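Below, each chain spelled out in residue letters.
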Amino acid sequence: MNDLEIFKKLKELKEREITVCLATIIETAGSTPREPGAKMIICMDGTTYGTIGGGCGESQTRSAALRSTLVTQKPQILEIDLTDDLGTKGGDVCGGKLWVFIEPL
């Protein structure tokens, strides 16, 4: 989804009074699946729209949103390390790190 599609989906979800947060990559270091500015909507039921790169990084972001941001309604910055060896986490081998700002809306 591009930014226009993300914001249209946000508008639709808010009109339906669905509790959501927006995750945005704010910084990267090394090789990462997406660049700063990539966005993903996370709904209270775990449904997501858009992508910040897929895989474990996206899963960690969804988990943090559901465990913390959506519950407390407080924003957070999540650091995701994708530098692990292939065997340690089953594929987090992009080689970089990314920081994701998760904000309740």
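No experiment lies behind these values; they were computed from the predicted model shown.

(A) Broad picture of the nonpolar core. Residues C21, I25, I42, I80, L98, V100 and I102 are the most contacted members of the largest nonpolar core, which totals 16 residues. Counting residues per element, the ones that place at least two in this core are β1 (20–29), β2 (39–43), α2 (55–72), β4 (76–81) and β5 (97–104). Each residue touching C21, except ones within four places of it in the same chain, is listed here: M40, I41, I42, A65, T69, L70, I102, E103, P104 and L105. One finds L13, L22, I41 and C43 within the second-largest nonpolar core, a separate group that totals seven residues.

(B) Structural detail: helix α1 (residues 3–15). Between its terminal C-alpha atoms α1 stretches 18 Å, which fits the 18 Å expected from 13 residues at 1.5 Å a residue. Of the residues making up α1, those classed as buried are I6, K9, L10 and L13. Projection of α1 onto a plane perpendicular to its axis shows the buried side chains occupying an angular sector of 105°, all on one side. With respect to the buried face of α1, the exposed residues turned more than 90 degrees away are L4, K8, K11 and E15. Sitting at the amino-terminal end of α1 is N2, which places a side-chain oxygen 3.0 Å from the backbone nitrogen of L4. E17, located one to two residues past α1, shows a positive phi value of around 60°.

(C) How the structure looks around the environment of R34. Locating R34 in the fold gives a position in the loop between β1 and β2. Of the residues examined, R34 reaches a relative accessible area of 29% and is grouped as partly exposed. C-alpha separation for the pair R34 and T47, spaced 13 residues apart in sequence, amounts to 20 Å. Discounting residues that sit within four places of it in the chain, R34 has contacts with I25, T28, T51, I52 and G53. A polar atom in the side chain of R34 sits 2.9 Å from the backbone oxygen of T51.

(D) Fine view of the environment of E5. With respect to the helices, strands and loops of the structure, E5 is situated in helix α1. For E5, a relative accessible area of 39% gives the class partly exposed. Between the C-alpha atom of E5 and that of Y49, which follows or precedes it by 44 residues, the distance is 9.4 Å.

So, how was this worked out
Residues numbered from 1 in each chain as written. Predicted model: local features only at pLDDT ≥ 70, side-chain atom pairs only at ≥ 80, totals over all residues. Heavy atoms only, no water. Core = buried A, V, L, I, M, F, W, Y, C linked by side-chain atoms within 4.5 Å. Buried < 20%, exposed > 50% of the residue type's maximum accessible area, 1.4 Å probe, protein only. Helix = DSSP H or I, 4+ residues; strand = E, 2+ residues; numbered from the N terminus. Contact = heavy atoms within 4.5 Å. Expected span 1.5 Å × (residues − 1). Arc of directions from axis to C-beta. Polar contact = N/O pair within 3.5 Å; in protein donor to acceptor, adjacent residues only side chain to side chain.

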